[in-house]
Amino acid sequence: MQDTANDTNGSGFCLDLKARLCAVQQRMSDACSQSGRSVREIQLLAVSKTRSASEIRALHALGVRAFGENHLTEAQAKQTELDDLALAWHFIGPIQSNKTRVIAQQFDWVQSVDREKIIHRLADQRPSERPPLNVLIQVNIDEEPQKAGCSEHEISDLADLIAAQSRLRLRGLMAIPAADAAQSQRAFERMHVAFAQLARECQTIDTLSIGMSGDLEAAIAAGSSMIRIGTALFGPRPATNA
């Protein structure tokens, strides 16, 4: 089925997306220059939750290949509509036990693994004909009770468990720091230390997923290798009929 949610915007819709993508890429380039890093070290993940398949298709045409979703039913509908495109799908939301089978079957990456039960279920349910599922451990770096994620001291044990699963491939860490700028800067620095320690212990570690639309510069300065960008790419989220 063709998604028509944004088709009426025509070329203006595509031009807006292109302008926002160029602006994000310029911010990434400037941040890398200031940090003495190469922009090639940073992967852009387009956070496409609440966004239409048409918007994803337009960004794909502009060269974006990785998309993050955190609502499973919404993601499945978009995956079906966009199955003609070569996209890398990342699940970035909290994982319920009864949703692991679909996640294991239909996603390329899972960024929000934070407990032993989920590790076992994803490993058992990953289809043998597909490559191992790329996994990031989500860390609740500021120990906020409303957020998912393991504690810092749990990282090593979870990493060992993931590394022992043949159907999973441990790639690194993810975090969503507190909104306060000063606190998030400290959190980014702690995440970089934890990431470096994990990389010394496991040779598959290559991804530190920190930084979003409002703080990508600080995240890149702290060593991020993947930034998750929603609003800065797509614009404000669509209004909902509550």
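Because the structure is predicted, anything quoted here is derived from the model rather than measured.

1. Considering the pairing of strand β6 (residues 168-175)
Judged by how many residues are buried, β6 sits mostly within the fold: seven of eight residues are covered. As paired strands, strand β5 (residues 133-139) and β6 are joined by seven bridges and run parallel to one another. If you follow Gln138 over to β6, its bridge partner there is Met174. Across three bridges, the pairing between β6 and strand β7 (residues 207-209) is parallel. Considered in β7, the bridge of Gly172 is made with Thr207. Read as a crossover between parallel neighbours, the route from β6 over helix α7 (residues 181-201) to β7 is right-handed.

2. Here we look at the side chain of Arg37
Examined against the element boundaries, Arg37 turns out to sit in the loop between α1 (10-35) and β1 (43-47). Side chain to side chain, Arg37 and Glu41 meet in a polar contact 3.0 Å long. Separated by 2.8 Å, the side chain of Arg37 and the backbone oxygen of Ser224 make a polar contact.

3. Considerations on the pairing of strand β3 (residues 88-91)
Pairing geometry for strand β2 (residues 66-69) and β3, over four bridges, is parallel. What sits directly across from Ala66, in β3, is Ala88. Judged from the two bridges that link them, β3 and strand β4 (residues 109-113) form a sheet pairing that is parallel. Each bridged residue has a counterpart across the sheet, and for Phe91 the counterpart in β4 is Val110. This β-α-β element, β3 to helix α4 (residues 100-106) to β4, shows right-handed connectivity.

4. Focus: the nonpolar core
Formed by 65 residues in total, the largest nonpolar core has its most connected members in Leu59, Leu122, Ile137, Leu173 and Leu233. Residue contacts for Leu59: discarding those within four places in its chain leaves Leu17, Leu21, Ala46, Val64, Phe67, Leu233 and Phe234.

Here is what the cut-offs are and how they apply
Positions within a chain are numbered from 1, following the residues in the order the chain's sequence is written. Selection of residues for local features in this predicted model requires a pLDDT of at least 70, selection of side-chain atom pairs for listing and counting requires 80 or more, and totals for whole chains, interfaces and linings are taken over all residues. Water and hydrogen atoms play no part in the side-chain values, which are based on all heavy atoms of the structure. Relative accessibility thresholds used throughout: buried, under 20% of the residue-type maximum; exposed, over 50%; partly exposed, between the two (1.4 Å probe, protein chains only). Secondary structure elements are defined from DSSP: runs of H or I of at least 4 residues count as helices, runs of E of at least 2 residues count as strands, and each element is numbered from the N terminus. A pair of strands is labelled paired if DSSP reports no fewer than 2 bridges between them. Consider the strands pointing away from the viewer: the crossover is right-handed when the path from the first strand over the helix to the second runs clockwise. In protein, a polar contact requires one atom able to donate a hydrogen and another able to accept it; more generally it is a pair of N or O atoms within 3.5 Å, and residues adjacent in sequence count only if both atoms are side-chain atoms. Throughout this description, the term nonpolar core refers to a set of buried Ala, Val, Leu, Ile, Met, Phe, Trp, Tyr and Cys residues connected via side-chain atoms within 4.5 Å. Contact between two residues is taken to exist if any of their heavy atoms lie within 4.5 Å; hydrogens are not considered.

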